Amino acid sequence: MQIYNQTNLAQTFGTPLYVYRIEEVRRAVNRLRVALPAPHRLYYSVKANPNPGVVRELVGLGLHSEVSSGGELAVTLAAGQPPDRVLYTGPGKTTAEVSDAIRRGIRLFSVESEVDYRRIGAEAAKAGAVVEYLIRINGGGMGSGTGAGLRMTGRPSQFGIDLDALWSMPEVLAGSPVARPVGLHFYSVTNVTEEDALADEFAANIRLAAYVIDRAGLPAVLVDLGGGFAAPFAQPGAAPRYKKLRPMLERLLDTHIAGWRGEQPTIMFEAGRYLVGGCGTLLSRVLDIKRSQGRVYVVLDAGINVLGGVSATGRLRPPRVQPCDTARPSGPPVRDPRTTEPVTLVGPLCTPIDVLSRTTDLINPQVDDVIAIPNVGAYGLTASVLGFLSRQPPLEVLLGADHDMPAVTTLTLQRVETTGERRG
Ligand SMILES: *Cc1c(COP(=O)(O)O)cnc(C)c1O
């Protein structure tokens, strides 16, 4: 049996190459499960990494799936996830997506607006199906800090329904014979490293859930408290342990949501990066090293087309790399201060925005070195602009001079399983 390490993987398959370690996924699942109140139901957010093998592993470990596109749904079902363990979310569901999901057996949606509710109800009626939905609330926060996190709701947002507005949506609150409300959905922050900040966020959601359920007289079968569990991205380090979270949340749930211990309601959580961030490493080759007006540029064969394209929006920290084989995803960075010079790490794309890091320490980088970028199992390849959320790329249509005879081109990003040597 061939034993792979980073060096022979790069030789065998070429670079850039994403490598995922399944046992890291298992460890992360175990770590998160013990940090959460019991009983709970845990959803894997497929957008963090829709790789079929990774999704299959998480399905096999008993996680439910949270999806927000037809592509994510297809991967999830192909991985063996029963449709009744899938939650379909997202602020811009199309009629086609919803009807397709219902046809594939999905019966639980997160409703993000009145329009979204009507669309889901109409498609359920057409399909002769009865669907259930969570009302996504734009709430949470209540003034708490969020560590290094990115706030999704609790301020003007495209996600969820403002609490004020909800009271003037009797249809959404009441549902219909084919679309029935079964609970609430919160997802207010992401990537919160500070345990207290994350606990505050959940506390706010728990109180809000109790209040809304009580005031609206909602049947509370499910309460999805969301997530926000953090993981390092493209730099060394380990995800937080959240040791205090479980007792804190159990106390709060006992106070505000009686019945949760007997799963009336079922308490749900969602996690993406926490579960898969640590499993992935990107291997990339140094193509060139140049000096220009006092700066060193290391040119890699992986650019923002492969990693961090979405972070080029500036809301995420740029990656930082560490050298191959000295790299353990969770270990400290290995560097020798005497031989290290700060370099700007760039990709091969012909645009000045193709920068992966402006402050990287590399030990004596050499042309042809393979370097490893750790902790990119989440939002790595899937967050490379066109790959984001497994959506189809737009068609390209070529119009003739008379605006006739359009030539239509599709950029296909289909996954193909290959074995053995792919590139030199
Ligand atoms: C993206 C997303 C998640 C997962 O976020 P992570 O930060 O990767 O844990 C969970 N729920 C919803 C609704 C999301 O949009």
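Residues numbered from 1 in each chain as written. Predicted model: local features only at pLDDT ≥ 70, side-chain atom pairs only at ≥ 80, totals over all residues. Heavy atoms only, no water.

Bringing the environment of leucine 287 into the picture now. Summarising the element assignment, leucine 287 is placed in strand S13 (residues 280-292). When the C-alpha positions of leucine 287 and valine 370 are compared, they lie 9.5 Å apart, and in sequence the two are 83 residues distant. Dropping the residues within four chain positions of it, leucine 287 is found in contact with Val299, Leu300, Asp301, Pro348 and Val367. (Helix = DSSP H or I, 4+ residues; strand = E, 2+ residues; numbered from the N terminus. Contact = heavy atoms within 4.5 Å.)

With that out of the way, let us pick up the nonpolar core. In this structure, Tyr44, Phe109, Ile135, Phe229, Leu275 and Val276 are the most contacted members of the largest nonpolar core, which totals 79 residues. Setting aside anything within four residues of it in sequence, one finds phenylalanine 109 in contact with Leu87, Tyr88, Lys93, Val98, Ala101, Ile102, Ile120, Val131, Glu132, Tyr133 and Leu134. In terms of nonpolar packing, the next biggest core, distinct from the first, is built from 19 residues, Leu300, Leu356, Ile371 and Ile373 among them. (Core = buried A, V, L, I, M, F, W, Y, C linked by side-chain atoms within 4.5 Å. Buried < 20%, exposed > 50% of the residue type's maximum accessible area, 1.4 Å probe, protein only.)

It is worth spelling out the site of the ligand at this point. The environment of the ligand is formed by Ser45, Lys47, Glu66, Tyr187, Thr190, Glu270, Ala271, Gly272, Arg273 and Tyr379. At 2.8 Å, a side-chain N or O of lysine 47 approaches an oxygen atom of the ligand. In this structure, glutamate 66 approaches the ligand through a side-chain N or O atom, which is 3.4 Å from a nitrogen atom. When the free accessible area of the ligand is taken as 390 Å², the share hidden by the protein chains comes to 94%. Broken down by class, the residue content of the shell around the ligand amounts to 3 nonpolar, 3 polar and 4 charged. (Near = heavy atom within 4 Å. Polar contact = N/O pair within 3.5 Å; in protein donor to acceptor, adjacent residues only side chain to side chain. Areas by Shrake-Rupley, 256 points an atom, 1.4 Å probe, with all protein chains shown as cover. Nonpolar A, V, L, I, M, F, W, Y, C, P; charged D, E, K, R; others polar.)

On to the pairing of S13. A regular strand carries its side chains on alternate faces of the sheet. Bridge analysis of strand S1 (residues 17-20) against S13 gives 4 bridges, and the strand direction is antiparallel. Directly across from leucine 17, in S13, lies its bridge partner leucine 283. (Pairing = 2+ DSSP bridges.)

On to unusual backbone geometry, then. Put simply, threonine 15 and proline 16 share a cis peptide bond, and its omega is -5°. Here proline 16 shows up in the loop between helix H1 (6-13) and S1. Backbone geometry at tyrosine 242 places phi at a positive 55°, although glycine is not the residue there. Relative to the helices and strands, tyrosine 242 resides in the loop between strand S11 (222-224) and helix H10 (245-256).

The next thing to look at is the pattern of salt bridges. Counted under the stated rule, the structure contains 13 salt bridges. Taking the shortest distance from any N to any O, the salt bridge between lysine 244 and aspartate 196 comes out at 3.2 Å. Remark: aspartate 196 occurs in helix H9 (residues 195-216) and lysine 244 occurs in the loop between S11 and H10; sequence separation between them is 48 residues. Here aspartate 196 falls in the partly exposed class, since its relative accessible area comes to 42%. Here the salt bridges share partners, and the residues they tie into one network are Asp100, Arg103 and Arg104. (Salt bridge = Lys/Arg side-chain N within 4 Å of Asp/Glu carboxyl O.)

This part is about the side chain of glutamate 270. Looking at the element boundaries, glutamate 270 is found in strand S12 (residues 266-271). For the buried glutamate 270, no salt bridge is present, and the opposite-charge side chain at shortest range is arginine 136, 6.7 Å distant. A distance of 2.8 Å separates a polar atom in the side chain of glutamate 270 from a polar atom in the side chain of histidine 185. Beyond its immediate stretch of four places on either side in the chain, glutamate 270 contacts Leu42, Tyr43, Ser45, Glu66, Leu87, His185, Tyr187, Asp224, Gly226, Gly227 and Phe229. (Lys, Arg positive; Asp, Glu negative; His and termini not counted.)

Before going further, it helps to spend a moment on helix H4 (residues 70-78). Among the residues of H4, Glu72, Leu73, Val75 and Thr76 are the ones counted as buried. For H4, the angular spread of buried residues about the axis comes to 165°, placing them on one side. Lining the buried residues of H4 we find helix H3 (52-60), strand S3 (64-67), strand S4 (86-88) and helix H5 (95-103). One or two positions beyond H4, positive phi appears at glycine 80, with a value near 95°. (Arc of directions from axis to C-beta.)

Scanning all chains against the criterion turns up 10 aromatic pairs. Note on phenylalanine 229 and tyrosine 274: the rings are 6.3 Å apart at their centroids and 70° apart in plane angle, and the pair reads as edge-to-face. Of the two residues, phenylalanine 229 sits in the loop between S11 and H10 while tyrosine 274 sits in helix H11 (residues 273-276), which places them 45 residues apart along the sequence. With a centroid separation of 6.0 Å and an interplanar angle of 35°, the aromatic rings of tyrosine 242 and tyrosine 274 are classed as tilted. With a gap of 32 residues between them, tyrosine 242 in the loop between S11 and H10 and tyrosine 274 in helix H11 connect regions that are remote in the sequence. With respect to burial, tyrosine 242 and tyrosine 274 carry one shared label: buried. Feature note: the residues Phe202, Phe229, Tyr242, Phe269 and Tyr274 constitute an aromatic cluster, connected by ring pairs. (Phe/Tyr/Trp six-rings, centres within 6.5 Å; stacked < 30°, edge-to-face > 60°.)

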